[in-house]
Amino acid sequence: MYPHFAVIALGSNLANPAEQVRAALAELDAHPHIRLEKTSSLYLTAPVGYDDQPDFVNAVCTVKTSLDGVALLAELNRIEAEFGRERTFRNAPRTLDLDIIDFDGIRSDDPHLTLPHPRAHERSFVMLPLAEILPDFELGEHGRAADLAQALGGQGIRLLKE
């Protein structure tokens, strides 16, 4: 019923970011073609690339899905739009950001859906939450999530106190 496995990164820094991330997780879990498997803690993260904006709340989840990668990406984009996501410029503040980090271990250089995510292994706000829920997860040729998270260090990320 759900033959595919995906790792999804979530982030928000506008309009009550922690609630945006929690609501997005609930939306994924309620989707008829997606089953939420594991969810990391929420992390507070300094912005990357464009500093003049609020800190982000980030998390990572794993899902099983009957959707292929392109259809899953389309659903994630639909959810982002539903949450008011506007794409004004790269690294801009956002109500919700949903990225496919990995889909069935597939490698793809398609510009619409590059897999694994081309910068995930460089981002502690992705690797630390991923290492929390799946420390032995292999992210393509980059290695294990726990090793990548350790090598990246904190990089301005801290556990969000609930």
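Residues numbered from 1 in each chain as written. Predicted model: local features only at pLDDT ≥ 70, side-chain atom pairs only at ≥ 80, totals over all residues. Heavy atoms only, no water.

(A) Just the pattern of salt bridges, in detail. Here the structure, examined in full by the defined rule, presents nine salt bridges. Measuring nitrogen to oxygen at the nearest pair gives 2.7 Å for the salt bridge that ties glutamate 19 to arginine 22. In this pair, glutamate 19 and arginine 22 both sit in helix H1 (residues 17-30), three residues apart, roughly one turn of the helix. On the accessibility criterion, arginine 22 (30% relative accessible area) is partly exposed. A salt bridge links arginine 78 to glutamate 75, with the shortest nitrogen-to-oxygen separation between them at 3.0 Å. Residue arginine 78 and its partner glutamate 75 are located together in helix H2 (residues 69-82), separated by three residues, close to a single helical turn. For arginine 78, a relative accessible area of 34% puts it in the partly exposed group. When salt bridges with common partners are traced through the structure, they connect Glu27, Glu75, Arg78 and Glu82 into a single cluster. (Salt bridge = Lys/Arg side-chain N within 4 Å of Asp/Glu carboxyl O. Helix = DSSP H or I, 4+ residues; strand = E, 2+ residues; numbered from the N terminus. Buried < 20%, exposed > 50% of the residue type's maximum accessible area, 1.4 Å probe, protein only.)

(B) The pairing of strand S4 (residues 56-65), seen in detail. S4 sits mainly inside the fold: nine of its ten residues count as buried. Summarising the sheet, strand S1 (residues 4-12) and S4 pair through nine bridges and their orientation is antiparallel. Paired with phenylalanine 5 across the strands is lysine 64, a residue of S4. Bridging between strand S2 (residues 34-39) and S4 involves five bridges; their strand directions are antiparallel. (Pairing = 2+ DSSP bridges.)

(C) Geometry of the packing of aromatic side chains. Taken as a whole, this structure holds one aromatic pair when the rule is applied. Taking the centre distance of 6.3 Å and the plane angle of 40° together, the rings of phenylalanine 5 and phenylalanine 137 count as tilted. Taken together, the positions of phenylalanine 5 in strand S1 and phenylalanine 137 in the loop between helix H3 (124-133) and helix H4 (145-152) put the pair 132 residues apart, joining distant regions of the chain. For phenylalanine 137, a relative accessible area of 14% corresponds to the buried category. (Phe/Tyr/Trp six-rings, centres within 6.5 Å; stacked < 30°, edge-to-face > 60°.)

(D) Inspection of H1 at higher detail. Over its 14 residues, H1 runs 20 Å from end to end, which matches the ideal 20 Å to within 8%, given 1.5 Å per residue. Residues of H1 that are buried: Pro17, Ala18, Gln20, Val21, Ala24, Leu25 and Leu28. Viewed along the axis of H1, the buried residues span an arc of 165°, placing them on a single side of the element. Buried residues along H1 sit against S1, S2, S4, H2 and strand S5 (97-103). (Expected span 1.5 Å × (residues − 1). Arc of directions from axis to C-beta. Contact = heavy atoms within 4.5 Å.)

That's the geometry; what it means functionally is another story.
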